[in-house]
Amino acid sequence: MRCIAITLPDFVENEAEAITRMLRSGVIDRVHIRKPSSTLRHMQRLIEAMPADLRPRLSLHDHHTLASIYGCGVHLNARNPDITPGFHGTVSRSCHTPEEARDTDDYHFLSPIFDSISKPGYHPAFTPDQLRGIVDDSFVALGGVTPDKLPLLKEIGFGGAAFLGYIWHGDLEENLSDIKHFTQQCFNS
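Parameters and conventions
- Sequence order as written defines the numbering, with residues in each chain counted from 1.
- Local features in this predicted model are restricted to residues whose pLDDT is 70 or higher, and side-chain atom pairs enter the listing and the counts only when it is 80 or higher, whereas totals over whole chains, interfaces and linings include all residues.
- Remark: hydrogens and water are excluded; side-chain values derive from all non-hydrogen atoms of the structure.
- Two rings from Phe, Tyr or Trp (for Trp, the six-membered ring) form a pair when their centres are within 6.5 Å of each other. A pair whose planes differ by under 30 degrees is stacked, one over 60 is edge-to-face, and the rest are tilted.
- Relative accessibility thresholds used throughout: buried, under 20% of the residue-type maximum; exposed, over 50%; partly exposed, between the two (1.4 Å probe, protein chains only).
- Here, over-ring charges are defined by two tests on the NZ atom of lysine or the CZ atom of arginine: distance to the ring centre within 6 Å, and angle to the ring normal within 35 degrees.
- Where helices and strands are cited, they refer to DSSP runs of H or I of at least four residues and of E of at least two residues respectively, numbered from the N terminus.
- Two strands pair under a simple rule: DSSP has to find at least two bridges between them.
- The working definition used for a salt bridge is a side-chain nitrogen of Lys or Arg within 4 Å of a carboxyl oxygen of Asp or Glu.
- Every axis corresponds to a line fitted to the C-alpha atoms, with the helix fit spanning only the stretch in contact, and the corresponding angles, defined between N-to-C directions, vary from 0 to 180 degrees.
- Residue contacts follow a heavy-atom distance rule, with two residues in contact if any of their heavy atoms lie within 4.5 Å.
- Note that patches include only residues with greater than 30% relative accessible area and no salt bridge, and the join distances are 9 Å for like charges and 5 Å for nonpolar side chains (Val, Leu, Ile, Met, Phe, Trp, Tyr).
- Where accessible areas are quoted, they stem from the Shrake-Rupley method and a 1.4 Å probe; at the residue level, only the protein chains shown are allowed to cover.
- Counting rule applied: Lys, Arg positive; Asp, Glu negative; His and chain ends not counted.
- One atom stands in for each charge, and that atom is NZ of Lys, CZ of Arg, CG of Asp or CD of Glu.

1. What about the packing of aromatic side chains?
- All chains considered together, the criterion is met by two aromatic pairs.
- Taken together, a centroid distance of 6.1 Å and an interplanar angle of 50 degrees make the contact between Tyr107 and Phe109 tilted.
- Arranged with centres 6.0 Å apart and planes meeting at 50 degrees, the rings of Phe163 and Tyr166 form a pair that is tilted. Comparing Phe163 with Tyr166, the two get one shared label, buried.
- When the ring centre of Phe11 is taken as reference, the NZ or CZ atom of Lys35 above it lies at 4.8 Å.
- Here Lys149 stacks its cationic end above the ring of Phe114, 4.7 Å away from the centre of that ring.

2. Digging into the pairing of strand β5 (residues 91-95)
- Counted residue by residue, β5 has four buried out of five residues, so it is predominantly covered.
- Note: strand β4 (residues 73-76) against β5, three bridges, orientation parallel. Within β5, the position partnered with His75 by the bridge is Ser92.
- The pairing of β5 with strand β6 (residues 107-110) spans four bridges and is classified as parallel. Bridging from a neighbouring strand, Arg93 pairs with His108 of β6.

3. Here we look at the pattern of salt bridges
- Taken as a whole and judged by the stated rule, the model has eight salt bridges.
- Taking the shortest distance from any N to any O, the salt bridge between Glu173 and Arg21 comes out at 2.7 Å. Placement of the pair is Glu173 in helix α7 (residues 172-188) and Arg21 in helix α1 (residues 15-24), with a sequence separation of 152 residues.
- With relative accessibility at 40%, the residue Arg21 sits in the partly exposed group.
- Between Glu155 and Arg132 there is a salt bridge, with its nearest N and O atoms 2.7 Å apart. Of this pair, Glu155 sits in helix α5 (residues 150-156) while Arg132 sits in the loop between α4 (128-131) and β7 (139-141), and the two are 23 residues apart along the sequence.
- Each of the salt bridges in this network shares a partner with another, and the network as a whole consists of Asp129, Arg132 and Glu155.

4. Examining the sheet that holds strand β3 (residues 58-60)
- Around the barrel, which closes on itself, the eight strands sit in the order β1-β2-β3-β4-β5-β6-β7-β8 with parallel pairing between neighbours. Ignoring which end each strand starts from, the neighbouring axes of this sheet average 30 degrees apart.
- Against the sheet, α1 engages β1 (2-6), β2 (30-33) and β3, with an angle of about 150 degrees to β2.

5. Here we look at a negative patch on the surface
- A cluster of acidic residues, Asp148, Asp171, Glu174 and Asp178, forms a negative patch on the protein surface.
- Structurally, Glu174 can be placed in helix α7.
- The exposure class of Glu174 is exposed, given its relative accessible area of 53%.

This is the structure in structure tokens:
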């Protein structure tokens, strides 16, 4: 099961170090940088503060022109719905229904799956039973995802889970340890 972290919308202290720790942990496969109100220069500073060997494991929700420069992936959403011409890296997309997914995407976020941690009042659009047989391993669950829900997500058919509110609250090392524990439980069951 692919585990993805998504940044908070605002820049946080020591963010590049936290992202580096996530990617070096062996638990988080990819980090999505979602900074909807960031300037191009602030986004560059964040990317440049991370080791060059980790940049291919980043996906940018904004300022897609930087993706080709730094070797990052791009994430398509309502603000940035199209791929920059000539881009050949990893492409993902935000979806609120399975029908919004595109064959050209490497994977798709489907949300909300559970009550959101980072957006209070943002509730699931589906029940687990409604998703069984519809989602496949190209879908990554987003919205209220916590490590204890990984076995259920795997059973439903998701190929991954995206952590936003959970990963940034509390102790990062403990959160990564919990994700690792439940990910191993998914593979050993």
